[in-house]
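# Structural characterization, general
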Amino acid sequence: MMIHFDQFKHLNIKRIYGPDYQEVVHLAFHSKRVERNFAFFSIKGESFNGDQYVEEAVQNGASLIIGVNESLFLEHSQMYPHCTFIVVEDVREAMASFSKFFFGNSDERLTTIGVTGTNGKTTVTAYVRSLLTLLGMRTGSIGTTGIWSSQRRFVYKKSTPTTPESLDLHHIFRDLVEEGDHAAVMEVSSIALDQQRVEGITFDVAIHTNFSEEHLEYHKTIEHYRECKMRLFHQAVHKVVNIDDDGMGEDLLKLQDENMITYSIQSNSEADLNAENIEVTEEGSIFDLSFNGTTNKVYVPVYGTYNVANVLSAIGTSLLLGFTLDEVLNVLPKLEGPEGRFQVIQTPHNQKVILDYAHTPVALERLLEEVKKLDYRQLIVMIAGIGIRDFNKMPKMAAAIEGKADQVVVTVDHPGYHHPQVIIDQVMTGFKEPAAPNIHTAQTRAEGVKRSLELGKENDIILLTSGCINNAQIVRGEEIPHSDEEIIDSYYRPVML
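Here's what I pulled together on the structure shown here. This is a predicted model, so every value here is computed, not measured. (Residues numbered from 1 in each chain as written. Predicted model: local features only at pLDDT ≥ 70, side-chain atom pairs only at ≥ 80, totals over all residues. Heavy atoms only, no water.)

## Quick notes on the overall build of the protein
When helices and strands are counted, the protein shows 16 helices and 25 strands. For 497 residues, the compact-globule formula gives about 23 Å, and the C-alpha radius of gyration of the protein, at 24 Å, lands near that figure. Judged by the C-alpha coordinates and their principal axes, the protein covers about 75 × 55 × 45 Å. When the 497 residues of the protein are sorted by exposure, 58% land in the buried category. (Helix = DSSP H or I, 4+ residues; strand = E, 2+ residues; numbered from the N terminus. Rg over C-alpha atoms; globule rule 2.2 N^0.38 Å. Buried < 20%, exposed > 50% of the residue type's maximum accessible area, 1.4 Å probe, protein only.)

## Remarks on the environment of I222
Within the element layout of this structure, I222 appears in helix α8 (residues 222-231). Among the residues examined, I222 registers a relative accessible area of 25% and is labelled partly exposed. Sequence separation between I222 and F211 is 11 residues, and the spatial gap between their C-alpha atoms is 10.0 Å.

## As for the sheet that holds strand β2 (residues 13-17)
The strand order across the open sheet formed by 5 strands is β2-β7-β6-β5-β4, and the pairing between neighbours is mixed. What marks the edges here is a single partner per strand, and that holds for β2 and β4 (26-28). Direction aside, the axes of adjacent strands within the sheet are offset by 20 degrees on average. Bridge analysis of strand β5 (residues 38-41) against strand β6 (residues 64-67) gives 3 bridges, and the strand direction is parallel. Looking across to β6, one finds that F41 is bridged to I66. Along the sheet face, helix α3 (residues 91-102) touches β4, β5, β6 and β7 (84-88) and points at about 140 degrees away from the line of β6. (Pairing = 2+ DSSP bridges. Axes fitted to C-alpha atoms, helices over the stretch in contact; angles between N-to-C directions. Contact = heavy atoms within 4.5 Å.)

## Digging into the sheet that holds strand β18 (residues 343-346)
Reading across the sheet, the 6 strands line up as β18-β19-β23-β20-β21-β22 and stay open at both edges, with mixed pairing between neighbours. Bordering the open sheet on either side are β18 and β22 (439-441), each of which pairs with just one other strand. Within this sheet the neighbouring strands show an average axis-to-axis angle of 20 degrees, counted without direction. One ladder, built from 4 bridges, connects strand β20 (residues 379-386) with strand β23 (residues 461-465); its direction is parallel. Opposite L379, over in β23, you have I461 as the bridge partner. Seen against the sheet, helix α14 (residues 420-428) touches β20, β21 (407-413) and β22 and runs at an angle of roughly 135 degrees to β21.

Bear in mind that shape data such as this cannot, by itself, settle questions of function.
So this is what it looks like as structure tokens:
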């Protein structure tokens, strides 16, 4: 694509060094991924500064470099006069705008739904993808469990665990359009909002799940965390709001938007969508759904009261997009959830292994409430300290589980650059009795899963929690392949042969 930079006056360009047009065949913000005639965005991350890699990007063939460091770009323009160096006010804003243009404004060709909240983003995203596709609106999804079209999983190396960088995001939108999808639902994290990864996107629907303390290693204050999440709703046409949430529900209601649907699982709620008389069974959940003065008995193949709330958010989204309640009720029994969220695996020993990557104290407490409604002899729970997250949260995970399980295994997820024992020690500070004989430790998630399985006997429930991202563990910047399912299968395979 031949690009003349008069097309990008809206990028808040401060200065252009070099030719005022270039051929650009692709975009990158990692210098090692740059090839001939690529555009390179010199962005700053939490652990890197793109300015350090400008030289490498040029050597690898970049024809266009965009960033904020004017003195660096002036110096390099004299060394490489065939390249164009554009100095902008905000490189992340520029990357979002440039990527949107380069990939054909594909977000505008899709119905876009953004999901934000401390807990439940992944589950709601999966429910929306499933429900809209069942209703005939083919929908892809973007989030923690990967990139999916309505029909299949894309093989795609994501730039971040949850919400991709804007460059990757617009590439994915184009791929979904070419796949024949009509909509895209995505998890939108607070960090993504702060880093302008969804800048320039007008969401057709924004969904709020809940709000509690998280990501303070990044945001520093709970106020900044909340403010970042609120930004999503200022760039959305319609809104779906959980009015049971004390953390942010009231703030969203103050927007007084007529294009809003509220939902609740509380009795006598004034929400637009309300679920009451919830009964959790081995097969799923049954409840009374009220909307516009009518009540219907509903079955959905999902587990847990909190997941009923997540289903309501997907129903609200469908209604805002023009589907009728009767259409929704007709397909709800076929609803599909995400991998690793209350995923039940039956073992040869008449046990249940439940995978649910609850990784906050609130999510863990909600999960335990639902698991305890099932029949079991002994409950074994694995929790983890997450090395790439807030260390202050780790003891709270221990406090949330203490006294609520027969056996507890403490392990590590994504140690990052920390020694696993440091993370385990931090989790253990949350126990009142850390030396209790029913508390066990394992320095890797793989060891933690195996230890949990070894503790299980007939009729037990083995609950494996916390956040395995993209089937990998993040260790010293590298993604090490990991699969709980493969470990479980390998552990029980000799019994099944």
